[in-house]
Amino acid sequence: PKDRPSSTASSVSAASPSTRRSGTPVHRSQSKDFDDDNGLLVMIVDFDFEFKLIGHMVNWNFDIEFEFQIVIFSTDPGRVRVSVRVRPRNGEELKSDADFADLVELQPEIKRLKLRKNNWNSESYRFDEVFTDTASQKRVYEGVAKPVVEGVLSGYNGTIMAYGQTGTGKTYTVGKIGKDDAAERGIMVRALEDILASASSASSVSVEISYLQLYMETIQDLLAPEKSNISINEDGKTGEVSVPGATVVNIQDLDHFFQVLQVGETNRHAANTKMNTESSRSHAILTVYVRRAMNEKAETGTKSPKPESLGDKGIPRVRKSKLLIVDLAGSERINKSGTDGHLIEEAKFINLSLTSLGKCINALAEGSSHIPTRDSKLTRLLRDSFGGSARTSLIITIGPSARYHAETTSTIMFGQRAMKIVNMVKLKE
Ligand code: ADP
Ligand code: MG
């Protein structure tokens, strides 16, 4: 039933505190933004709040409705950062009449996303950043990745992950190379640009990368496809996760990184053609190792990261950290009803890694003392990037059409659970 005038989500313009003009009349009964029954008396120890006076001007009869809103949110710097980005419509979607604004309303100014649950109800969710289809790669990098990259440059481990249905822009967001068009560059390239800039200003910094693909619980080295049986190692004492068999390349400059990344992409394509699968079924994991020698005695140029060694007075000689940038497999459920044995096996395995990631996110969000990181290779790889002082940023990507209702809803719920994670739990088992 279309009893409301439709509007495009991104046409909403608002600055807080100010009057928001919207083509869609919003009635209290339709909005759970502000829940009179449960909304206010919540006590959060470490919090920040926003104060908003929002005017809804109904443009077809000049009614004005005001809403008074206090939004309380945790500002714990250890909380996982979660952002959402919608892909621009493609040709086919522009032609179709499926109305995205009926499903999702993006409110980037107040960092909220309103999701329609049914004909009567919509629910509003807060994110760290909300990116509309016009957001540039640069802005997305600054909102999603920069805080994590800065942490890595000051010695903290960091993880940036893209999660969402196939075709919603995960690879564009994190993996786009854009060698000849700087504006197009994704998070991987921009992160390396920043890290290399910091390294060139200090001769004692080394930058190394490895590039892996995880497919059906097998790790493949995208920089040396002939390698097999790559395994994950966990240091019993420090809890540090490493992949000793993976090729590690010392990166000199951005051009060198483009070359290496291109080799990785070519190998990824070849591997997937050989296995007769699509890259959307596998996870791509770029690891950047940053090592900063604290004095002249520090070792440099070593191939694989060693546990942090201490100098005479207990001062670390090498401060090292790593950044994981993960382009996750498509989150859509793979059709299990097919008779193709390979596809069924694949579905099971892909579900294993993503299901396991979801379970860890739920456990972390609930503050549980047991985080089931051992269930899959993906979560084992992420193990030392999930707890303690590590910084994590998740970008969820959604498609701009109401026809992806189920996947979009499930992606948003995944992101909302991750919003609750505070990275202060020391992972022990
Ligand atoms: P995924 O990795 O999630 O399967 P892709 O990154 O491959 O999705 O995106 C699907 C298509 O949409 C690609 O052709 C990509 O270039 C395009 N695309 C995605 N996001 C954007 C964007 N923000 N701006 C322009 N094109 C985009
Ligand atoms: Mg992709």
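Residues numbered from 1 in each chain as written. Chains lettered and ligands numbered in written order. Predicted model: local features only at pLDDT ≥ 70, side-chain atom pairs only at ≥ 80, totals over all residues.

A. Region of the structure containing the nonpolar core. The biggest cluster of nonpolar side chains holds 79 residues, and the ones touching the most others in it are Ile187, Met188, Ala191, Ile195, Val288 and Ile325. Among the elements that take part in this core, helix H2 (residues 137-153) stands out by supplying eight residues, more than any other. Those residues in contact with Ile187 that lie beyond four places of it in its chain are Tyr141, Val144, Ala145, Ile160, Thr173, Val174 and Ile325. (Core = buried A, V, L, I, M, F, W, Y, C linked by C-beta atoms within 7 Å. Buried ≥ 20, exposed ≤ 12 C-beta atoms within 10 Å, placed from the backbone. Helix = DSSP H or I, 4+ residues; strand = E, 2+ residues; numbered from the N terminus. Contact = placed C-beta atoms within 7 Å.)

B. Broad picture of the site of ligand 1. Arg87, Pro88, Gly164, Thr166, Gly167, Thr168, Gly169, Lys170, Thr171, Tyr172, Ser280 and Thr397 make up every residue found near ligand 1. If you tally residues by element for the shell around ligand 1, the top one is helix H3 (residues 170-175), at three residues. (Near = placed C-beta within 6 Å.)

C. Looking closely at the sheet that holds strand S5 (residues 104-107). Here three strands make up an open sheet; going across it, the order is S5-S6-S7 and the pairing antiparallel. Strands at the two margins of the open sheet, each flanked by one partner only, are S5 and strand S7 (122-126). Adjacent strand axes in the sheet meet at a mean angle of 15°, parallel and antiparallel pairs treated alike. Direction of pairing for S5 relative to strand S6 (residues 112-116): antiparallel, over a ladder of four bridges. Bridge pairing in S6 links Val104 to Leu115. (Pairing = 2+ DSSP bridges. Axes fitted to C-alpha atoms, helices over the stretch in contact; angles between N-to-C directions.)

D. Seen up close, the packing of H2 against helix H4 (residues 187-200). Remark: H2 packs on H4, axes separated minimally by 10 Å, with the N-to-C direction vectors making an angle of 35°. Once H2 is placed against H4, the crossing between them reads as right-handed. Where H2 approaches H4, its residues Tyr141, Val144, Ala145, Val149 and Leu153 are matched on the opposing element by Ile187, Arg190, Ala191, Asp194, Ile195 and Ser198. Taken together, the residues of the contact of H2 with H4 break down into eight nonpolar, one polar and two charged. (Left-handed = near helix turned anticlockwise from the far one by under 90°. Nonpolar A, V, L, I, M, F, W, Y, C, P; charged D, E, K, R; others polar.)

E. Quick look at the pairing of strand S16 (residues 318-327). With nine of its 10 residues buried, S16 lies for the most part within the structure. Inspection of the sheet shows strand S9 (residues 158-164) paired to S16 by five bridges, in the parallel sense. Bridge assignment links Ala162 to a residue of S16, and that residue is Asp327. Looking at chain direction, strand S15 (residues 283-293) and S16 are connected through 10 bridges and run antiparallel. Bridge assignment links Leu286 to a residue of S16, and that residue is Ile325.

F. Local environment of the UniProt feature "binding site: ATP" (unreviewed entry) in the protein chain. If you check UniProt for "binding site: ATP" (unreviewed entry), the listed places come out as Gly164, Gln165, Thr166, Gly167, Thr168, Gly169, Lys170 and Thr171 in our numbering. Within the secondary structure, Gln165 is located in the loop between S9 and H3. What Gln165 contacts, discounting residues up to four positions off in sequence, is Gly330, Ser331, Glu332, Gly399, Tyr404, Glu407 and Thr411. As for its position among the elements, Gly169 is in the loop between S9 and H3. Owing to 24 C-beta atoms within 10 Å, Gly169 belongs among the buried residues under this scheme. Dropping the residues within four chain positions of it, Gly169 is found in contact with Arg85, Arg87 and Thr397. (UniProt positions renumbered as here; feature names shortened; annotations may be inferred.)

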